[in-house]
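What follows is each chain in one-letter form.
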Amino acid sequence: QVNYDFQLYSTHVYLSQEHRQRLHMALDHRSSLFENLDSNHVLASNRSEPTSLMAKVELEFISNTGGDFKSSGKSTPDGVVNLRNLLYDTRPLVVHGSGSSARIELNSLGNYLGKAWSPNGGCLRCNESRTSLASIKDSELPRVLVAVFIEEPTPFMDGFFGTLKELNYPKDRLHLFIYNPIEYHEKHVNDFITSQGAKYASLELVDLKLLNTSSSDSLRNNNIPSSEWQARDFALSKCKRLACDYLLALDSTARLELPDSLRLLIETNRTIVAPLLSRPGKLWSNFWGAITRDGYYARSDDYVELVARKRLGVWNVPLLMNAYLIEGNFLRRQLEQAERAASKATLALDNGRGSAGGAIREEEQEAKNKEAVVVGDRTKNTNGGESGSEITTGGEHNSNNNTNHNHYRLAYHDPRYPSIKPALIFARNLRYMNQFQYVTNEHEFGHLVDASEYNISRLYPDFYQLIQNKPDWEREYLHENYTDLFDERDEDESNYPNRIRLEEPCQDVYWFPLVSDKFANQLVEMMEQFGQWSAGKNHDPRIEGGYESVPTRDIHFRQVGLHDMWLYFLREYIMPIQLKEYIGYEHDPPRTDLAFVVRYHPEEQPSLRPHHDSSTYTLNIALNTPGVDYEGGGCRFVRYNCSVTQSRKGWALIHPGRLTHYHEGLPVTNGTRYILVTFVDP
């Protein structure tokens, strides 16, 4: 009979030569059967290094087209994934570990091992629990609370509300909660509520106006959230009160461009699941693949493949943010459990039970000790980390942890760590509650916008966002027909009667759609607001040497902070035209010292005398419309006696600058003409 620890008992048996020989016991010192991942030991010397734990093992992907391999497994139609011990070149059959970092690594391995994923078959477990909404009537679909959090000034908010509007889900099955403490976005929110609010089952708004007109006591008494974590906790409680089936949490930086996103997330049938969203062209996403011992971001070995969608599936990860779906029953169960625990604690204190109070204090101290390795408190963990936890790849919820984690609850705030971001607190609590979190990249759901360099002191801050948020900028500011110029599907124009082609109104002068009306209108407004138009004189301190031989009344892009963005624009949208039409001229990237908006007016400067430009070629974009905004105007190429007078708003002319294309600006007789001129490669 074993009256003490079984591991100690087994050790005593093994140390006895008689027992060892009789039972034919051997020590698996080469990890032929068992692989132990012990974060408490491996990471003791370097707590901030996430890869130390996995340094001695790696995943081995074997395609069904490959040859023999050194494991006892056999090739399958889908291929196989093995765990390989790098030190002994063995393929252990069982992997286990202890410590918080080991738990995360085990969950990561569980995404692949045990026939969960294969090189040829992809995600083999993804469909095991998947459900379908296809046969459910709209009136019977799950009720969802959509909680929107606008925590910072965010570019292209009209696009955010546009994607929310286009979600393919009946609005009367959606409840809407919007938390907006940002004054700049009040108009965006109010416009959306005015046009769409009545369509939702219910709508609640907490905005800056409400927060500013309510006292702290009023906010507290009426349960009105006044901070990010309070707003997020409020959304959890609101979902519980509404008896909703799901809570969809959306930050303003998330763009769910796939209309079926909500349906697809529900159909994964996971308790907590996020759609993969990332910043276009970058590795910044809405999930973490790994976490350091100190609770900071770490990149998992498969992170790049997941973000780039080179491996598709539903992935167990340690942290989600920006956009995710929470199952309602789980949410209610956790909140009710926390309420019962809080009620018991309050009752115990009210009754003056000193022993109970002591127990509570001990539990809080235990939590602090355990938390030391999770959220940045560099105090040594005297308990040696959390106890071992075995991974259960067959389900979401792991209940095999012996540590008492009752002090971790479904919440975004921990008073012991007030400076930690709510998303980190929430994900940490879920991990300690043994609740798996998933991200799915099976579909292209959308993307994240980058709000890090968004300056709302500008008249039109979105205008400046080309480099940071290119796809969103293109939708707003690039001409809708620009991409037609590169459509080579069929040279027979009769098959595509509406397709726009590049035109050549004069020799070697090319005319094409480039920017939207919105681009043109906002640029003119920005220049007029800035107002520092040059005098149109030869003396010009803005340029090198201080002398302009052919002066205009203009404002330079450098003066309004647009020069660097415009260099990027030239490379992305003008260089392809350059390569296409000026064959053999391959200067990369295009350079410019002068990009400027010119204003022609009969009482200021109506025209411009014949001249050559200081450029290899010149870009000239019309910012308003002849016959509507002004009379007269245009550009005449003297050598060819060819004029372009019927400018098209948002269309561009490019022409050689030196030697051949001597040209002049024709007189404006009425109104004001605006053009954007760039001297490329001076």
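For the chain, an unreviewed UniProt entry supplies the name Procollagen-lysine,2-oxoglutarate 5-dioxygenase 3 and the organism Aceria tosichella. Word for word, the UniProt comment on the chain under Cofactor (unreviewed entry) is "L-ascorbate".

J.: Explain the side chain of Glu327 to me, please; I cannot follow it from the model alone.
T.: Note that Glu327 resides in strand β18 (residues 323-327). Summary of buried charges: Glu327 has no salt-bridge partner, and the nearest side chain of opposite charge, Arg333, is 5.4 Å away. A distance of 3.2 Å separates the side chain of Glu327 from the backbone nitrogen of Asn329, its partner in a polar contact. Those residues in contact with Glu327, other than ones at most four positions away along the chain, are Asp245, Tyr246, Arg270 and Thr271.

J.: Looking at this structure, how should I read the nonpolar core?
T.: Most often, soluble globular proteins keep nonpolar side chains buried together rather than apart. In this structure, Leu164 and Ile326 are the most contacted members of the largest nonpolar core, which totals 88 residues. With 6 residues, strand β7 (residues 144-149) is the largest single contributor of residues to this core. Trp473, Leu478, Trp533 and Tyr617 belong to the second-largest nonpolar core, a separate cluster that totals 43 residues.

J.: It is not clear to me how the pairing of strand β33 (residues 673-680) should be interpreted in this structure. Could you clarify?
T.: When a strand is regular, its side chains alternate between the sheet's two faces. Buried residues dominate β33, accounting for 8 of its 8 residues. Of the strand pairs in this sheet, strand β26 (residues 617-622) and β33 are connected by 6 bridges, and their pairing is antiparallel. Paired with Ala622 across the strands is Ile675, a residue of β33.

J.: Would you mind going over the state of the cysteines with me for this structure?
T.: Every disulfide links exactly two cysteines, by a covalent bond between their sulfur atoms. A complete count under the given rule lists 3 disulfides for this structure. Across the disulfide, Cys123 is cross-linked to Cys126 (sulfur-sulfur distance 1.8 Å). When the S-S torsion is 95°, as for the bridge of Cys123 with Cys126, the disulfide is right-handed. With a sulfur-sulfur separation of 1.9 Å, Cys506 is cross-linked through a disulfide to Cys642. Of note, the bridge from Cys506 to Cys642 carries an S-S torsion of about -80° and is left-handed in sense. On the criterion of sequence distance, the pair formed by Cys506 in strand β21 (residues 503-506) and Cys642 in strand β29 (residues 642-644) is long-range, its members being 136 residues apart. According to the relative accessible area criterion, Cys506 is buried, its value standing at 3%. Its sulfur unpaired, Cys635 is 8.0 Å from the next cysteine sulfur, which belongs to Cys506. Overall, Cys635 belongs to the buried group, its relative accessible area being 7%.

Rules used in this analysis
Residues numbered from 1 in each chain as written. Predicted model: local features only at pLDDT ≥ 70, side-chain atom pairs only at ≥ 80, totals over all residues. Heavy atoms only, no water. UniProt positions renumbered as here; feature names shortened; annotations may be inferred. Helix = DSSP H or I, 4+ residues; strand = E, 2+ residues; numbered from the N terminus. Buried < 20%, exposed > 50% of the residue type's maximum accessible area, 1.4 Å probe, protein only. Lys, Arg positive; Asp, Glu negative; His and termini not counted. Salt bridge = Lys/Arg side-chain N within 4 Å of Asp/Glu carboxyl O. Polar contact = N/O pair within 3.5 Å; in protein donor to acceptor, adjacent residues only side chain to side chain. Contact = heavy atoms within 4.5 Å. Core = buried A, V, L, I, M, F, W, Y, C linked by side-chain atoms within 4.5 Å. Pairing = 2+ DSSP bridges. Disulfide = S-S within 2.5 Å.

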